[in-house]
Structures are given as structure tokens and as C-alpha cells.
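# Architecture and fold: a report
These are the residues of each chain, in order.
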Amino acid sequence: MSERLVIIGAPSSAGAYAPGQEKAPAALRASGLLQFLSARGVTVDDLGDVAGFRWRADKVTPRAMNATAASMVAKATAERVASALAADAAVLVLGGDCTVELGTVAGALRGTQSVGLVYIDLDTDLNTPEITQDGALDWMGVAHMLGVEGTVPQLAALGPRVPMLRPDQVLFFANDNVEPFERQVIDALGITEVRLAEVAAHPSSAAQAVATGWARQFERLLVHLDLDVLDFVDMPLAENNRRNVGLRFEQLMAAVRPLLCAPNWAALTVCELNPDHGEIDGSTLRTFAGAMADALAASSRWQS
């Protein structure tokens with residue numbers, strides 16, 4: 001049983017559509033996240049940030065922009081995640097864009113091949129540079145974990161094996177925006193899904209079913225939280241400003257808690273948060289940080 005929560009910042013928007021997410025780790029710390037956790041009885045060990053990267057237009061490789069920078073951030077994240085998990089700590093990774101998850105997965109795989117990933121996101125991130133022209137790698141992260149044909153080798157090979165994950169090791173949670181190519185991949189590989197409508201209707205019970213069912217087969221359970229899953233009007237924090245689409249904040253937090261309470265939960269990665277999108281007085285970020293601290297504090301990892 002772990003008594004520590006290790007926090008790792010990955011201040012990178014390398015794989016994003018524009019700058020912003022690289023500010024998130026510092027903004028979350030400034031919002032009081034660590035103090036909220038400590039006040040709830042969680043022993044926090046903040047390892048600081050890995051070297052980050054601010055998005056810039058990559059005109060040399062426009063269909064896979066900033067791949068080298070994204071790879072460097074993910075590799076550094078993997079090293080710190082692997083070290084923390086080896087010491088039996090739980091991990092909170094503060095991203096950053098979604099390519100940071102490649103580092104969390106690669107790090108978790110260092111200790112065991114029995115890793116399951118619950119991917120909370122309105123999107124499924126199964127695109128490849130050959131399929132989409134926009135070049136944003138944060139829309140392609142899961143494709144690289146699964147080694148889908150046409151992905152960037154330096155990203156797909158970040159872990160101790162290629163592909164990093166098998167299809168049965170990924171579960172899409174609250175997904176709704178699925179491109180035709182992505183649907184073909186999901187159906188062909190048989191990836192498990194708990195779609196948005198089901199989560200919105202019964203957020204806590206949908207997550208509890210995952211935690212006590214699908215997730216139990218793995219030694220380490222990873223949770224990826226892309227704030228793009230939120231309805232931007234209800235909680236304006238995400239990089240993507242889709243309105244009247246997605247989960248309300250209360251629904252998301254009701255779903256996150258059972259996953260973090262799973263006895264095999266090992267790491268949570270928070271991605272796609274743009275601090276500039278919340279209220280100017282910081283109240284939106286403080287609300288988020290307080291709710292995340294509540295959910296993390298409920299984990300069985302800290303219970304005696």
C-alpha cells in the first residue's frame with residue numbers, strides 16, 4: 001500500500017494545435033492543488049517539471065508537428081513515472097498535451113507488462129499523420145500506443161515494447177467524436193468503449209463497472225483525463241472549446257472517483273488544460289484543483 005502521491009509536471013504543448021497547455025502544471029500548482037491534497041491527508045512528493053516545450057508551427061514535418069520535442073518530453077516523463085512506481089508511489093502527471101500519456105504508459109510498462117489504460121476523452125486519438133492533415137500529434141496518441149500503421153516510429157517506440165499496448169489494454173471512456181478511420185480501427189481491433197451517453201446518464205456506476213470489471217485484470221491501472229471531455233460552457237478549462245457537448249464537471253468528477261478508488265490504480269495523467277480559458281481571478285482552476293484533490297484523496301491507496 002502506497003502512502004505517497006508523486007507529482008510530475010510535463011509542461012508541453014508540442015503535440016497541440018496551439019500554445020497554452022504548457023502553462024498548466026505551474027497554474028495547477030499556483031491554484032493550490034498541492035495544498036488541497038495535503039489538507040485532505042495525502043502525502044505529496046512534487047518532483048517538479050521535466051523539460052517542456054511551447055508549441056510552434058513545424059513547417060518541416062507539418063503532418064506530425066514537433067514530433068522530436070513530444071518524444072523528448074514523453075521520454076523524460078517515462079523516466080520519472082517508472083522511478084515513482086518502482087518505489088510503490090502513485091503518480092499524478094500534470095500535462096501538457098495528450099502525447100504526455102505516451103510517457104506515462106512507457107514508464108508504467110517498465111515494471112510490468114500488465115497495464116490497463118482508461119482513456120477519458122471525447123476523442124479517441126487514433127488518427128495518424130497519413131490520415132489527417134492538421135499535424136497535431138495530441139490527436140494521435142493512442143494510435144502510437146497501439147502501433148497503428150503510419151505512426152511516427154520515435155513516438156511508437158518510446159516504451160519497452162512495440163506496440164506499447166495491445167487493443168485489450170485500452171478502454172475508451174466517454175468517447176463520442178470518432179472519425180471514420182478511427183471507427184474502423186476500433187471495430188477491427190475490438191477496443192472496449194463506454195460511450196458518452198452511457199457515462200452522462202450514470203457517471204458513477206459506469207466508472208464503477210469499469211473499475212470492478214475490465215480494470216481488475218491488470219496489475220497497474222492508468223487513467224488518462226483529457227479535459228476536452230468537458231462541456232466548455234459548464235467548465236471552460238480545456239484546450240478545445242466545444243460547447244454544449246461532453247460531460248458536465250459534476251458528471252466527470254463522479255466518474256473519476258471510482259476509477260481512482262480501484263485498488264490497482266497507479267497513475268493519473270491530466271491533459272489538455274489551458275489556464276487562460278478559466279476565470280481571470282483563477283476561480284475556475286481552484287474549483288478544478290479542489291475537486292481533483294477530493295477525488296484523489298478518496299483513493300484506497302491512502303487508506304489504512
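This text goes with the structure placed above it.
In this text the structure is predicted, and so the values were computed from the model without any measurement.

### Topic: the nonpolar core
The nonpolar side chains of a soluble globular protein tend to be buried, and buried together. Core analysis: the largest hydrophobic core is formed by 60 residues, its most contacted members being Ile 120, Phe 173, Leu 225, Leu 252 and Leu 268. The biggest single contributor to this core is helix H11 (residues 283–297), with 9 residues. Those residues in contact with Ile 120 that sit more than four places away from it in its chain are Phe 173, Val 223, His 224, Leu 225, Asp 226, Val 229, Leu 252, Val 256 and Leu 259. Grouped together as the second largest cluster of nonpolar side chains are 51 residues, Ala 84, Val 100, Ala 106 and Val 142 included.

### Focus on the pattern of salt bridges
Summed over the entire model, instances satisfying the criterion amount to 13 salt bridges. Measuring nitrogen to oxygen at the nearest pair gives 2.9 Å for the salt bridge that ties Glu 79 to Arg 110. With Glu 79 in helix H3 (residues 67–86) and Arg 110 in the loop between helix H4 (100–109) and strand S4 (115–120), the pair connects residues that are 31 residues apart, well separated along the chain. Judged by its relative accessible area of 42%, Arg 110 falls in the partly exposed class. Residue Asp 176 pairs with Arg 195 through a salt bridge whose shortest N-O separation is 4.0 Å. Of the two residues, Asp 176 is situated in the loop between strand S5 (170–175) and helix H7 (180–189) and Arg 195 in strand S6 (residues 192–195); the sequence distance between them amounts to 19 residues. Residue Asp 176 is classed as partly exposed on the basis of its relative accessible area of 40%.

Criteria and thresholds
Residues numbered from 1 in each chain as written. Predicted model: local features only at pLDDT ≥ 70, side-chain atom pairs only at ≥ 80, totals over all residues. Heavy atoms only, no water. Core = buried A, V, L, I, M, F, W, Y, C linked by side-chain atoms within 4.5 Å. Buried < 20%, exposed > 50% of the residue type's maximum accessible area, 1.4 Å probe, protein only. Helix = DSSP H or I, 4+ residues; strand = E, 2+ residues; numbered from the N terminus. Contact = heavy atoms within 4.5 Å. Salt bridge = Lys/Arg side-chain N within 4 Å of Asp/Glu carboxyl O.

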